[in-house]
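Residue-level structural notes
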Amino acid sequence: VTAIVGDDCDAIVDATSVNGVSYDNCTTGDNLLFEIGRDTMNMGADLTVTMDDLANSPITVYLRVTDEAGNTSICSAEINVEDETPPSFDCDLIADLTVNTEIGACYGIVPDFTNAVMGPMDNCTDMDDQFTITQEPLAGSLFGSQPGDIVMVEITIADLDGNAITCSKTVT
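Parameters and conventions
- Residues numbered from 1 in each chain as written.
- Predicted model: local features only at pLDDT ≥ 70, side-chain atom pairs only at ≥ 80, totals over all residues.
- Heavy atoms only, no water.
- Disulfide = S-S within 2.5 Å.
- Helix = DSSP H or I, 4+ residues; strand = E, 2+ residues; numbered from the N terminus.
- Buried < 20%, exposed > 50% of the residue type's maximum accessible area, 1.4 Å probe, protein only.
- Lys, Arg positive; Asp, Glu negative; His and termini not counted.
- Salt bridge = Lys/Arg side-chain N within 4 Å of Asp/Glu carboxyl O.
- Polar contact = N/O pair within 3.5 Å; in protein donor to acceptor, adjacent residues only side chain to side chain.
- Contact = heavy atoms within 4.5 Å.

**Some remarks on the state of the cysteines**
Within this structure, the stated rule accounts for two disulfides. A sulfur-sulfur separation of 2.2 Å characterises the disulfide bridge that pairs C91 with C167. One quick way to see it: the torsion about the S-S bond of C91 and C167 is about 80°, and its sign makes the bridge right-handed. Pair noted here: C91 is in the loop between strand 6 (72–83) and strand 7 (108–109) and C167 is in strand 11 (residues 164–171), with a separation of 76 residues, a long-range link. Grouping residues by exposure puts C91 and C167 together as buried.

**Describing the side chain of K169**
As for its placement among the helices and strands, K169 is situated in strand 11. Of the side chains with opposite charge, D96 lies nearest to the buried K169, which makes no salt bridge, at 4.3 Å. At 2.7 Å, the side chain of K169 forms a polar contact with the backbone oxygen of I94. Not counting the four nearest positions on each side in its chain, K169 is found in contact with C91, D92, I94, A95, D96, F113, V151, M152, V153 and I155.

**Let's talk about the pattern of salt bridges**
Scanning the entire structure with this criterion turns up two salt bridges. Among the salt bridges present, the one from R64 reaches E35, with a minimum N-O distance of 3.0 Å. Of the two residues, R64 is situated in strand 5 (residues 59–66) and E35 in strand 3 (residues 33–37); the sequence distance between them amounts to 29 residues. R64 sits in the buried class, given a relative accessible area of 18%. For E35, a relative accessible area of 16% corresponds to the buried category. Taking the shortest distance from any N to any O, the salt bridge between R38 and D53 comes out at 2.8 Å. One end of the pair, R38, is in the loop between strand 3 and strand 4 (46–49); the other, D53, is in helix 2 (residues 51–55), with 15 residues separating them in the sequence. When its relative accessible area of 39% is taken as the criterion, R38 is described as partly exposed. Owing to a relative accessible area of 8%, D53 belongs among the buried residues under this scheme.

In structure tokens:
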């Protein structure tokens, strides 16, 4: 079973979604009671998975099935907790740039845009230093062979789960 966390980095897992093929010889499937929990003592109809579970995925949960006569059976299952939401940031806060060519040459040097990324946000990443910020071409790369040449620099921000967002900036 896979639980995809949402905007608050949590997800609700319904006990019936963990059930595979539970059946009873006297009670119809609609009348079986399904409960889920992190242990066999504290169970309910659903379970909330959180950022902590994302870091420890897969997690083990327990499913208890009870028939109309009160007979129970318990099994364990694994839930894969996943984050599929990319981070966000305001690309408009980073300006396109015009650089001077190197003295006696017609090429320019690509500047470092990664330090200009301010305030990335993510549903499951809570600190700025937990983002990976890269650019292509790399800062310090040479571009152009004549005045007016341009290069598009792609800036990528990735969260701890590898979800990424990109934006492009022009260097002339």
